[in-house]
Every structure is written in C-alpha cells, then in structure tokens.
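The primary structure of each chain is shown beneath.
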Amino acid sequence: MLNQYKVNHGFDEMADAQAAVRPHYQKFHRLFGELTVPEFQAKRTAVDNAFLRQGVTFNVYGDAAGAEKIFPFDLLPRIIPAKEWEFLERGLTQRITALNLFLHDIYHEQKILKDGVIPEFYVLSAKHFRREFVNFNVPKDIYIHICGTDLIRDKDGNYLVLEDNGRCPSGVSYVLENRRAMKRAFPQMFEGIGVRPVENYPQELLKSLKYIAPAGVADPTVVVLTPGAYNSAYFEHTYLARQMGIEIVEGRDLFVKDSRVFMRTTKGPQPVHVIYRRIDDDFIDPTVFRRDSMLGVPGLIHAYRAGNVSLANSIGTGIADDKVMYYFVPRMIKYYLDQEPILGNVPTYLASEEADKKYIIENLEKLVVKAANESGGYGMLMGPKASKAEIEKFRELVIAEPRNYIAQPMINLSQHPTCCDDVFEGRHIDLRPFILSGERVSIIPGGLTRVALRKGSLVVNSSQGGGSKDTWVLYGDE
Amino acid sequence: MLSRVANSLYWMSRYIERAENIARIVDVNLQLLLDMRSLDEKQLIAYWKPIVIATGDEEAFFKAHPHATGAAVTEFLVFDKENPNSLIQSICQARENARMVRDQITLELWEELNRLYLFVRSPQAREVWRRSATEFFQEVKSSSLHIIGIINATLIHNEGWWFVQAGQFLERADKTTRILDVRHESLPERGLPQSISPDEALGWSAVLRSCSAWDAYKSINSADVHPRRVAEFLLLSDHFPRSVRFCVNELNRALRRISGVAEGRFSNDAEKLTGRFLAELQFSSIEEIFDVGLHKYLDDAQLKLINIGDALFRAYIFQSFDNPDEFHMVQQEEQQQQLKSLIIHR
C-alpha cells in the first residue's frame, strides 16, 4: 500500500530525497507491505471503535452540548532511531536543566538579570512572573516537574524547539492510549521491530511527585487536581489518576485548615501532601489570584508557602512559556551550564527590539507572528496564509504592544506518510516529548506526534483539525 | 472515598429511581381514568391533585395549569423543564451526576443512562408519547430497571456502590409512602373504612400497580383489594422489594456497610434514625398504623426519611470544619506583607 507513496516537498520522515525508505523505517515498511487493504481497513475500524467506546476523547470549547470528540488517530507510526533519540534526550535534558536553574535564579538572586544576559525589563514585565514568590523556596529547587516541549524538524531534518510548555502540558494520555491501540492492532510488528516501551510513565510520574513531598512526610498522599468534567483535558486527568492509583479531586474537594490541605472524604478529612495540579496559577487560589475563580482552593497558596503541601508544577513557571523568554533559552544554557545548546531554537524576532520590530512590520506576509502568552494555536498569524485584513490587524497589534509579540519565519515542518481517504499522503507533523524532573530527569522514549490532517496545513493542534500518531523509539538504529 | 463522588453516586441513583416512580404513577393513573365515567372538572381536580402532591409541587402545578386534565398533569410531571421534579429533569439530573463521576462508573452504565437521557430529550419521545403514553412510560421504566441491573452486575460493590444502594432505597421508600397516600381522602381519619365501593377498589389497585406490586399482592392476598391489606403489603411486607420496610432494611444495610458499624449500634445520626425507623416498622401491626391514621402515619414516615437523608448528608458529604473567611483575611494580610518587603528589596 505504501508503494504509491510520493514525497511532495520538504523533509519526509520515511523517504529520503531519492524516495528510498530510510533505514529505520525499512522493517516497518516491509511488514506493513504484507498487509492487504481489507486487513488494514479492518484494523483501522477496530481502533476507532475502541477509542470511542473507551471514551478517549477531548472536549471542544464553545460546543454547547459539551460534545466529546475522538482525537483522530493515524495508524502509521512515526519512527525514531536510537541514536537520534539519544541526541534528543541530551538536548531536552540540557534544556530543562537550564530552565529550572533560570526559574530558581529569577525567583531568588536574579543574577542573570544583574549580569545583563537577559534585559531585566523582559522578565519583570512578563505576564506570568509571580513577584510574590520571589525568595520562596520550592521543594528540591525543582520548578518544572512535568514539561512538554514541542519539537519540529525543518527542511533539512534538523530538530528545533518550537516552544517549552512548562505549565500544564497535556497529551501524555494519548501517548499511552495510542500505544495500547497499536499493540492490539499490530502485535507482530512490535516483536520484529524492537520498539521501546512507554507504559511506565505513570509510575515515573508518581515517583517524581512523591520526590517533592514536604519534609518529614514518609508516605505522602498525592492527588491530581482537575478543573472538572468540563475541561478539555478531563479525560487525561482521570486517566493519569487512575493509572497512578491516586484520587482525582476538584477544588471543592479540598480545603485548608491550619495551613494544611485536606480532602473531604466519607471518612472525614484526609491530609494531602502533593498536588499534581492541572489548573493554571490564575485559578488555583481565589484568595490570592483571580477572585472569581470557582475552580481553586481558598488558602492553598498559604499552605504551599508554609511548606505543608507541594505543587507540581510550581507556581510561577508560566514565565518560561512566555515566547519572549523562549528567545533567551540558548543564552540561559550558555550562562548556567556553560554549554552550547544541543537543540536549536527557531529563529525569532522580538517586536520590542526596534530593529526586529521594523523587520516584522515590513515582512508580515512572510512571518508567523505569535502572542507571547497564548497557546493552542490561538492568537497567531500565519503570514503566508493570512488575508490582507488579518495582516493589517496584526500590524496594529504589534505596533501597539510590541512586548506581547514575537515573529518567526514560516518553518515547513517535516512530513510523514498518513492515511488520507484510503491513500497515503505526506502530512506535516511535530513531536511533544514529556520530560519529568525528579531525582533525575527522565523522558519517556517517544512522545505525542501530532499530525495536521488537512492537506498542506501546518497547524497540528487538536482543537484545529489535528490528529496524532504513535511514536516509536527503536532499540537500534534500523 | 471523596465525599463529592459519594454524593454524585447517591443522587444519580435517587434521580433514576425518582424518574421510574413518576413514570409508573402517571401511567397507571392515566389508564385508570379510562375506566371511569366522564368526570367533571371538580372531580378531575380531585382525581389528579393527590398525584401531583405525591410527585411534585402542587402550587406550581395549579399556577401553570388551571385545568387538571390528564394532558396537563403529564406535561407537568413528565416533560416540564421548569419543574425540578419532573421525569425529564430527574433523568437530566441523574445523567449530570453520572457525568461528574464518569471515571468511577462503568461504560455500560454510562451508555444506558446517556441513551435514556437522549431519548427523553428527543422529539421522538413526544411522538411516542402522543401515539401511546404507555409505550413511552414503558421505555422509561425498562431503562431504569436495566440501569439497576447494570449497577448490580457491572459496578464494583465497594463503598460507592453502597451509596448508590442507599440513594435508591431511600428514594424508593419515600415514593412508596407517597403513592400509598394518594387515596387517603377515601379513608376515615383514623381506623379502617367499613366498606369500599368498586370504584375505590379500582383506585387501590391502581396504587398497587403504581408500585409494580399488583402481581406480588395477588399472589399473597388474592385479587381481593382492601386498603388494610394494600397498606400492610406496601408498608410492612418483609419480602416485597418496594415495601417501605424492605427499603429501610436495605438502607440500613447499606449504611452499615459504609461505616462498618455492627447492628444494634450506631456511629452517626443517619444510622441511628434508620435503625429506629426499621425497628418501628418491624414491630408494628397494620391495625396500630390505622389507629394513628394512615395519612398521618405516612406523613411522619416521609419526615423520617427526609431526616435520614439530611443526616446522611451531614455524616458523609458535608462536614463543617473549615472557616474560609478567617483564612481569607490571614491570606490577604500575608500577601500585602510580601509585596511590601519586595518593594523594599528591589
């Protein structure tokens, strides 16, 4: 079936420039070639039905019925050879180490600002910089415990970091569920090809969470804090809680007394020591942050400051997600680790630098412009695909609030064979590995490969027509 | 387990039971009406009023529907979205509670409850009802029984399951007392009626049918319908699964499985009140109940069940031990301190 696959342009994951199958795809290509079309169709239907029945779904905001949708899943796996993964692992570990050092620094001595490596203005003006937490010590000095860095590949196949998601990155439940589905559909392939397992993620996550338990608590109670059943990632929250064997709680299940956090159970109050919170800073405690928040726990921050409860991720990591800070990550790596960055950034222009601003305004139709503090594909301009009116709108926005915008050249993401209406065509993909910082940094081999299912589209977000693939990291290189 | 989860399971179960009872009572009484000579408006009101009282809010009904026709009663008790106790609203509430604990219940349960929810809200539901009201009610009843079967056969019988049981039997006991009370106007205030007319006999058999008790009653008492026997059966039967005694016994069992406290003792008000009520039902005769007056007895029983529900809520769901206001103030003070020190620091 894959024999008719054509590489149109750009970097293809499976086929090289001469249309030959790359070494690490060859075993898969051969085994897949043995499938007949009806066999493949049967597997596809079985997998779709399994996802629907198990409720592997996400909610779409703005849908009045609160309808749950399946995240479309493509059966062709993205394959990464061992040496490439080893490189990614080194790069991601370096990056998360630098980010954690950076967060510790700006919430303490602010050396990097005093030494002029990053202009002070950018940090102090950041929307998610929590000045109230300056000089507050977080357990084990870890700020980002769970990170979901987005990686893309350019036209030459170089891996680049697109963004660091250091707040509440989601998607890991799909990594685990996609793998289960693939194992059921293609058991013999896993034997023949040698794919590294991802199943121990929940245990690793629980280990990282227990590692930051408040001092003196030998057997900490860990919970997942969710905004509730209406949140788009609710499935993932319950999934992770179930896999870790811990309670999933909402804000109203918790209360604070004498600076300690308890959950309301049928057996009375039970102390809680570590909270894996899937609620943003702004909503977590109405007495400190947004007063109108119904999702949070009044007094939680008070308990957190008293050191009686630990939060993952820590308060204030949102600044690392600021797209202006992203620009400075290579400098952070150099400053804190005295190393060259292993993984590069996408070239970035800061609208608040005069020269850059001039360039951005004059070249809007060539650039991708992003708001510094938005995610999920919102607040973004894709210059080459935008209408005149959209471009004009962004020109005004950039001039009015330069601190809030950055611009990047349009990167033609790598593409991957994807099943589109019974034929296989190239579709653009990215990769979100999940990085855990606990006693050591651990990364599950693989991650969420998102695919833009619309032809030519570069937007992989699930809310905007994206799907996903299983990601296979091989034991070997072919 | 989390109090919120227990609460949702408990209410999911109560609302399913409530919907099924509404379906039975409206269905039976619509049919009974077919057997009666045409009634004038006053008689119609007399006929439907106790049923409206048994299942909902009398005042709201007569405000919205001055003419107590079968159609108006059905509209109010079944389809009215403004009536929080209507059949449709009960199913919505059951489904909403299930959705809140979707991860704690089985796929089978969710699918069936969701199917029922989608059915009653669909335009087809109205069509089915217009074609044959009985068919519509049959759909609701059989779905409810299906759900109870799924709960027993697919849910783990853990603490949460016992909360489901508690909700189901508390609601059922309450509804049985209300259905039994529907014909109280035909009874003397105290004591037993001397004789009953054939029409009244029909009314009492409708009471039995509204509790799915007709077959069970006949097998014990033959087809001889008398209020004394009907009341005895629906209140004191040890084996009929909708009698008040049976329900309170099951409720008692559920509460004890939740707390682990042995028979003859109690650890909270819910257990105390339930045990007391159960003992009373076990050691009462129907003559004594009619001596008090059936209507008064049922009124008291409903109050007892309400108190048990409140006590259950206080024991397991809402424990008042926090004082958010105090914290709020300490918190704000602290934040301001922090801000000040920061300004000095910089």
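Position labels on residues start from 1 in each chain and follow its written sequence. The naming scheme follows written order: chains are lettered A onward, ligands numbered 1 onward. Only residues with pLDDT of at least 70 get local features here, since the model is predicted, and only at 80 or more are side-chain atom pairs given and counted; chain-wide, interface and lining totals rely on the full set of residues. Remark: hydrogens and water are excluded; side-chain values derive from all non-hydrogen atoms of the structure.

Peer 1: Is there a simple way to explain the overall build of chain B in this structure?
Peer 2: Numbering goes from the N terminus for both helices and strands, where a helix is a DSSP run of H or I of at least four residues and a strand is a run of E of at least two. Scanning chain B from terminus to terminus reveals 17 helices and zero strands. For chain B, the spread of C-alpha atoms along the principal axes amounts to about 90 × 50 × 40 Å. Summary of the burial criterion: residues with accessible area below 20% of their type's maximum are buried, those above 50% are exposed, and those between are partly exposed, where the area comes from a 1.4 Å probe applied to protein chains only. Burial analysis of chain B (346 residues in total) assigns 53% to the buried set. Long-range contacts, defined as pairs at least 24 residues apart, comprise 68% of the intrachain contacts of chain B with a sequence gap of at least 6. Summed over all atoms, the accessible surface of chain B reaches about 16,000 Å², with 51% contributed by carbon and sulfur. None of His or the chain ends enter the tally, which takes Lys and Arg as positive and Asp and Glu as negative. By convention, the point assigned to a charge is CZ for Arg, NZ for Lys, CD for Glu and CG for Asp. Taking the average location of the 40 positive side-chain charges in chain B and that of its 48 negative ones, the two points are 2 Å from each other. Any two residues having at least one pair of non-hydrogen atoms within 4.5 Å are treated as being in contact. Here, Shrake-Rupley sampling with a 1.4 Å probe gives the accessible areas, and only protein chains in the shown set may cover a residue.

Peer 1: Quick question: what am I supposed to make of the overall build of chain A here?
Peer 2: When helices and strands are counted, chain A shows 15 helices and 24 strands. Taken over C-alpha atoms, the radius of gyration comes to 23 Å for chain A, in line with the 23 Å a tight globule of 478 residues would show. Reported as C-alpha extents along the three principal axes, the dimensions of chain A are approximately 65 × 60 × 50 Å. The proportion of buried residues among the 478 residues of chain A is 59%. In chain A, the proportion of contacts linking residues at least 24 apart, taken out of those at least 6 apart, comes to 69%. For chain A, the centre of its 58 positive side-chain charges and the centre of its 60 negative side-chain charges are spaced 2 Å apart. In this description the radius of gyration comes from C-alpha coordinates, and the expected globular size is given by 2.2 Å times residues to the power 0.38.

Peer 1: Even after reading the chapter, I still don't get the confidence of the model for chain A, so can you show me in this structure?
Peer 2: Detailed reading of the predicted coordinates is not advisable wherever pLDDT is low. Confidence in the prediction of chain A, expressed as mean pLDDT, is 90, and 95% of residues score 70 or more. The score called pLDDT rates the predictor's confidence residue by residue, from a low of 0 to a high of 100. Segment residues 62-66 of chain A is flagged for pLDDT under 50; beyond a separation of four residues in sequence, or across chains, it makes two contacts in the model.

Peer 1: When you look at the pattern of salt bridges in this model, what are you seeing that I'm missing?
Peer 2: Opposite charge on two side chains lets them pair, provided their charged atoms get close. One speaks of a salt bridge when a side-chain nitrogen belonging to Lys or Arg is within 4 Å of a carboxyl oxygen belonging to Asp or Glu. Here the structure, examined in full by the defined rule, presents 57 salt bridges over all chains. A:Arg432 is the partner of A:Asp150 in a salt bridge, and the nearest nitrogen-oxygen pair spans 2.7 Å. Here the residue A:Asp150 occupies a position in strand β5 (residues 150-153), and A:Arg432 occupies one in strand β20 (residues 423-432), the gap between them amounting to 282 residues. Classification of A:Arg432 by relative accessible area gives buried; the value is 10%. Through salt bridges with shared partners, one network takes in B:Arg14, B:Arg18, B:Glu171, B:Asp174, B:Lys175 and B:Arg178.

Peer 1: Before we go on, may I ask you to explain the environment of A:Arg180 in this structure?
Peer 2: All names here are of chain A. With respect to the helices, strands and loops of the structure, Arg180 is situated in helix α6 (residues 172-185). Relative accessible area serves as the criterion here: at 40%, Arg180 is assigned to the partly exposed category. For the pair Arg180 and Gln243, spaced 63 residues apart in sequence, the C-alpha to C-alpha distance is 13 Å.

Peer 1: Looking at this structure, I do not really get the packing of aromatic side chains. What am I missing?
Peer 2: Aromatic rings in a pair are described by how distant their centres are and how their planes are angled relative to each other. Residues and elements named next belong to chain B. A pair of Phe, Tyr and Trp rings is counted when the ring centres sit within 6.5 Å of each other, with Trp represented by its six-membered ring. The angle between the planes then sorts it: under 30 degrees is stacked, over 60 is edge-to-face, the rest tilted. Applying the stated rule across the entire model yields 37 aromatic pairs over all chains. Look at Tyr47 and Trp48: their rings are 5.1 Å apart centre to centre, the planes differ by 90 degrees, and that puts the pair in the edge-to-face class. Here Tyr47 and Trp48 have matching classes, each one buried. Note on Phe136 and Phe137: the rings are 5.4 Å apart at their centroids and 75 degrees apart in plane angle, and the pair reads as edge-to-face. Just as Phe136 is buried, Phe137 falls in that class too.

Peer 1: Which parts of the structure should I look at to understand the sheet that holds strand β22 (residues 441-443) of chain A?
Peer 2: Adjacent strands of a sheet pair through backbone hydrogen bonds, lying either parallel or antiparallel. Residues and elements named next belong to chain A. At least two DSSP bridges between two strands are required for those strands to pair. An order of β4-β21-β22 is seen for the three strands of this open sheet, with the pairing classed as antiparallel. In the strand order of this sheet, the two ends are held by β4 (146-148) and β22, each with one partner. Each adjacent strand pair in this sheet contributes to an overall mean axis angle of 20 degrees, direction not counted. Sheet topology note: the strand β21 (residues 434-437)/β22 ladder contains three bridges and is antiparallel. Paired with Ser437 across the two strands is Val441, which belongs to β22. Note on definitions: angles span 0 to 180 degrees between N-to-C directions of axes, and those axes are lines fitted to C-alpha atoms, for helices only across the stretch in contact. Contacts from helix α3 (residues 82-106) reach β4, β21 and β22 within the one sheet, and its direction differs from that of β22 by about 135 degrees.

Peer 1: Help me out: how do you make sense of the domain arrangement of chain A in this one?
Peer 2: A common way to report how large an interface is uses the accessible area buried once the components associate. An automatic or database domain assignment supplies the residue ranges for each domain. What the domain assignment lists for chain A is domain 1 (2-86 + 153-196 + 429-473) and domain 2 (347-409). Distance from the C-alpha centre of domain 1 of chain A to the C-alpha centre of domain 2 of chain A: 30 Å.

Peer 1: Which parts of the structure should I look at to understand the side chain of A:Glu13?
Peer 2: Residue and element names in this part refer to chain A. Within the fold, Glu13 resides in the segment before α1 (26-33). Among the residues examined, Glu13 registers a relative accessible area of 1% and is labelled buried. Polar contacts involving the side chain of Glu13 include one to the side chain of Arg78, which spans 3.3 Å. Think of a polar contact as two N or O atoms within 3.5 Å of one another; within protein, one of them needs to be a possible hydrogen donor and the other a possible acceptor, and neighboring residues in sequence only count if both atoms come from side chains. Among the polar contacts made by the side chain of Glu13, one reaches the side chain of Arg153 at a distance of 2.7 Å. Not counting chain neighbours up to four residues away, the residues in contact with Glu13 comprise Arg22, His24, Tyr25, Arg78, Arg153, Ser414, Gln415, His416 and Ile429.

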